[in-house]
Amino acid sequence: MGGHPRDVHAGDQGLTMRISVDSDKCTGHALCRAAGPNVYVLDELGFNVTPAGEVPLELADEAVRGALSCPESAITVED
Amino acid sequence: MDGAEGRRPTVEFDVFVQHSMAASDEAWRELREGCPVSWTPHNGGHWTLAGYEDVTTAFRDWETFSSERPDPERCAISIAHSPLPVLLPEESDPPRWHGYRRILAELLSPGAVERLRPRVEHWVGHLIDQFVETGCAELAHDLAVPLPSMVTMEWLGWPREEWLPAASTFHEMAKYVPGSPGYAEAGARFGWLAGRIAEEMADRRRHPRDDAMSRIAAHEVDGELLPPEIAASIVLITLGGGVDTTTALTSAALIHLGRHRGDRQRLLADPSLLDSATEEFLRLYPPARTHARTVAHDTEFAGCALRAGDRVLLSEISANRDTQSFPDADRFVIDRFPNRHVSFGVGIHRCPGSHLARLEFKTMITHVLQRLPDFVLDEGAVVEYPNWSMIGGWAAIPVTFTPGTRG
C-alpha cells in the first residue's frame, strides 16, 4: 500500500499504524506537533524527531492530520 | 520556441506595476493560468515561477536555485535593485548557511517563542488600552505596525527610545516603490540604522546582556565568533523579517474581518477556529509575496532552458492560489485542511520567525475580537501600500467600535 496519508483507513489490518519521518525534508515548521501533540516529538529547535514506528489506532487521526499539515511532505503514515 | 536549447516562453510581466492587492492578485492569476513558467525582459530580465509545484520544487532545490549574491551590489532574494546590505542567513547557501541559521533557529525555536508569550500578551494589551476607551482607532498605526516592532526590539535588546525610528525604516522601504523619492529617503535612513546596529553589537561583545543581540554577538561557528559584519547582518534580518511581515498579515486579516462579517462571527462563536483561520489568512494574504533566486548552473526546468546566472522570481502569492493544490483557491475557507501554503517558504530558508509570527498574529486577533468585537471599518479611509511586488500592506485601517475599558 502506498505511503500517501490519504490512503489511510484505520481498522482493517490491525491495531496500529506506522509513521516515518524523512529528516532530510523536515525544516522545522513544527506544524505536525500542533496537529498531533500526542504523536509527534520535536527536538529543541522544532525539528520532528519522532522515531519511526507504530502508533496506536486511537491516535490515527492525530498522526494523519500531522502528516497532512507538513508543508514539506516529510511524514509518511501507513496502515 | 521548442529548439534544442529548450523553450523560453516570454511574456511582458513587470512585478513593479502591481500597485494594489487586487491588481497584484489579478496579474498573478493571468500569469499562472497563461504561462506558469515564463521569462520576462522587465527588471533586468528574469524567469517567473507561478505554479505551486514549480515554486516549492525551486525553493527546496537550493543547489540549483541559489540564494547567494552573484553581484555584491544586488540583493539576491529580491528582484529589485536594493540598497540593502546582505541579509544573512537568507542570502547564503550551505555550507556557510548552517552556522548563520543555527543561532536564529535557537533564538526563535518553538520553546523560545513560547517563553516570549507573556511579553506579546503584555504589549498587545498595552496598545489596545491606549485607544479602547475612545471607540475609534487606526489599527495599522495603533496595533499592527507597533506590536511586532515592540516585541522584536525588546527581544533584541534595542534601546527603547529608538524602537520607532528603527522599525519605521523598514515600513517605509516596504511601502514605497523602488526608485521613488520615499524609497530613497528610507534608504538614506538605512545608513543610520546600520551604524547603530554596529555600535550595539560592539557593545554586546564587551558587555553581554540577557538579550538576543548578545546571543548573536557571542555565537560561534567552528569555535570562532562571527565577523562583526556578519553578526550585524543577522540582527538586520531579524528587524527586516520581524517588523513588517507580521504587520502586513495582521493588517490583511483585520481588513478581511472588517469586510466579511460572517467569518468574524464564526471566529467569535468558536475561537478554536483561529488556528486553521490563521493558516488561511497566511495562504490568501502572504506578507512576502515573492522571493528571488539565481540559477547556479545550466539546467532544464519544466522544459525550459535555465542558464547559470539567470534570475528567477518565485511567487508565494501565486503558488497559494494554484487550484491544483487548493480547491476553491480564491475563497477564504476558515477551516481549510490540509493547507500547505508556502507563505513562510519551504526548504532550508523556511522563515525562522514563523513561530513568533503566528504567536503575535493570533494574540493580536484574539484581543481585537475580545475587546472590539463589533468594530466597523471606515471603508472610505482605508489606505493600501502602493507597492505589492514583494511585501504588501496597509497604511491606514480606521475603525470605530463600542468603547470598552482599559484592561
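Small disclaimer: the values here were computed from a predicted structure and weren't measured.

**As for the interface of chain A and chain B**
Here comes step 1: Taken residue by residue, the interface counts 13 residues in chain A and 15 residues in chain B.
Here comes step 2: Looking at the side of chain A that touches chain B residue by residue, the class counts come to six nonpolar, five polar and two charged.

**Considering the pairing of strand β1 (residues 16–21) of chain A**
Residue and element names in this part refer to chain A.
Here comes step 1: Side chains M17, I19 and V21 project from β1 onto a buried face, and the interleaved T16, R18 and S20 project onto a face without burial.
Here comes step 2: Here β1 pairs with strand β3 (residues 75–78) via four bridges, running antiparallel. Paired with R18 across the two strands is E78, which belongs to β3.

**Section: the sheet that holds strand β10 (residues 311–315) of chain B**
Residues and elements named next belong to chain B.
Here comes step 1: If you trace the five strands from one edge of the open sheet to the other, you get β1-β2-β10-β7-β3, paired in mixed fashion. Unpaired on one side and paired on the other, β1 (37–40) and β3 (65–66) mark the two borders of the sheet.
Here comes step 2: In this structure, strand β2 (residues 46–49) lies alongside β10, joined through three bridges in parallel fashion. Its bridge partner lying in β10, W47 is registered against V312.

**Focus: the environment of W62 of chain B**
All names here are of chain B.
Here comes step 1: Structurally, W62 is set in the loop between α2 (52–60) and β3.
Here comes step 2: Each C-alpha atom, one on W62 and one on R293, is 8.8 Å from the other, the two residues being 231 residues apart in sequence.
Here comes step 3: Those residues in contact with W62, other than ones at most four positions away along the chain, are S67, D93, G347 and I348.

**Observations regarding the sheet that holds β1 of chain A**
All names here are of chain A.
Here comes step 1: Strand order in the open sheet formed by three strands is β2-β1-β3, with antiparallel pairing between adjacent strands. In this open sheet, the two edge strands, each paired with only one partner strand, are β2 (53–56) and β3. On average, adjacent strands in this sheet sit at an angle of 35° to one another, irrespective of strand direction.
Here comes step 2: Bridge count for β1 against β2 is four bridges, and the pairing is antiparallel. When the sheet's bridge partners are listed, M17 is paired in β2 with V55.
Here comes step 3: With respect to the sheet, helix α2 (residues 60–69) is in contact with β1, β2 and β3, its orientation differing from that of β3 by roughly 145°.

**Examining the confidence of the model for chain B**
Here comes step 1: On average, residues of chain B score 94 in pLDDT, and 98% of them reach the 70 mark or higher.
Here comes step 2: For this predicted complex, the interface confidence reaches an ipTM of 0.92, while the overall pTM sits at 0.94.

**Some thoughts on the confidence of the model for chain A**
Here comes step 1: Predicted confidence across chain A gives a mean pLDDT of 86, with 82% of residues reaching 70 or more.
Here comes step 2: In the predicted structure, residues 1–12 of chain A sits below a pLDDT of 50 and forms 20 contacts with residues beyond four places in sequence or in another chain.

**Focus: unusual backbone geometry**
Both trends apply: most residues other than glycine have a negative phi, and most peptide bonds are in trans.
Residues and elements named next belong to chain B.
Here comes step 1: Here the residue pair L88 and P89 is connected by a cis peptide bond, since its omega of 10° sits within 30 degrees of zero.
Here comes step 2: Considering the arrangement of structural elements, one finds P89 in the loop between β3 and α3 (96–107).
Here comes step 3: At the junction of F337 and P338, the peptide bond is cis and its omega measures out at -5° in the coordinates.
Here comes step 4: For P338, the position within the fold is in the loop between α14 (316–320) and α15 (354–371).

**Quick word on the environment of E200 of chain B**
Here comes step 1: Structurally, E200 of chain B is set in helix α8 (residues 181–206).
Here comes step 2: Taking the C-alpha atoms as reference points, E200 of chain B and S272 of chain B, 72 residues apart in sequence, are found 41 Å from one another.

**Some words on the nonpolar core**
All names here are of chain B.
Here comes step 1: Residues L147, I234 and V235 are the most contacted members of the largest nonpolar core, which totals 80 residues.
Here comes step 2: Top element by residues in this core is helix α10 (residues 228–243). It accounts for eight residues.
Here comes step 3: With sequence-adjacent residues up to four places away left out, I234 is seen in contact with L88, Y100, I103, L104 and I216.
Here comes step 4: By size, the runner-up hydrophobic cluster in this structure holds 30 residues, among which are L31, F59, L306 and V342.

**With respect to α2 of chain B**
Here comes step 1: Listing the buried residues of α2 of chain B in full gives Y52, D54, V55, T56, A58 and F59 of chain B.
Here comes step 2: Contacts made by the buried residues of α2 of chain B are with β1, β2, β3, β7 (290–295), β10 and α14 of chain B.

The rules behind these values
- The residue numbers shown here count from 1 along each chain, following its written sequence.
- All chains are assigned letters beginning at A, and all ligands numbers beginning at 1, according to the order in which they are written.
- With pLDDT at 70 or above as the cut-off, local features in this predicted model cover only qualifying residues; side-chain atom pairs require 80 or more to be listed or tallied, and sums for whole chains, interfaces and linings still use all residues.
- Placing a C-beta atom from the backbone of each residue, one calls two residues in contact when those atoms lie within 7 Å.
- Just so you know the grouping, Ala, Val, Leu, Ile, Met, Phe, Trp, Tyr, Cys and Pro go in nonpolar, Asp, Glu, Lys and Arg go in charged, and all remaining residues, Gly too, go in polar.
- The exposure scheme places C-beta atoms from the backbone and then counts, for each residue, the other C-beta atoms within 10 Å of its own, assigning buried at 20 or more, exposed at 12 or fewer, and partly exposed in between.
- Only runs of H or I of at least four residues qualify as helices and only runs of E of at least two qualify as strands under DSSP, and these elements are numbered from the N terminus.
- Two strands make a pair as long as DSSP finds a minimum of two bridges between them.
- Working convention: axes come from line fits to C-alpha atoms, limited for helices to the stretch in contact. Angles between N-to-C directions cover 0 to 180 degrees.
- Per-residue confidence from the prediction method is given by pLDDT, with values spanning 0 to 100.
- When buried Ala, Val, Leu, Ile, Met, Phe, Trp, Tyr and Cys residues are joined through C-beta atoms within 7 Å, the set is termed a nonpolar core.

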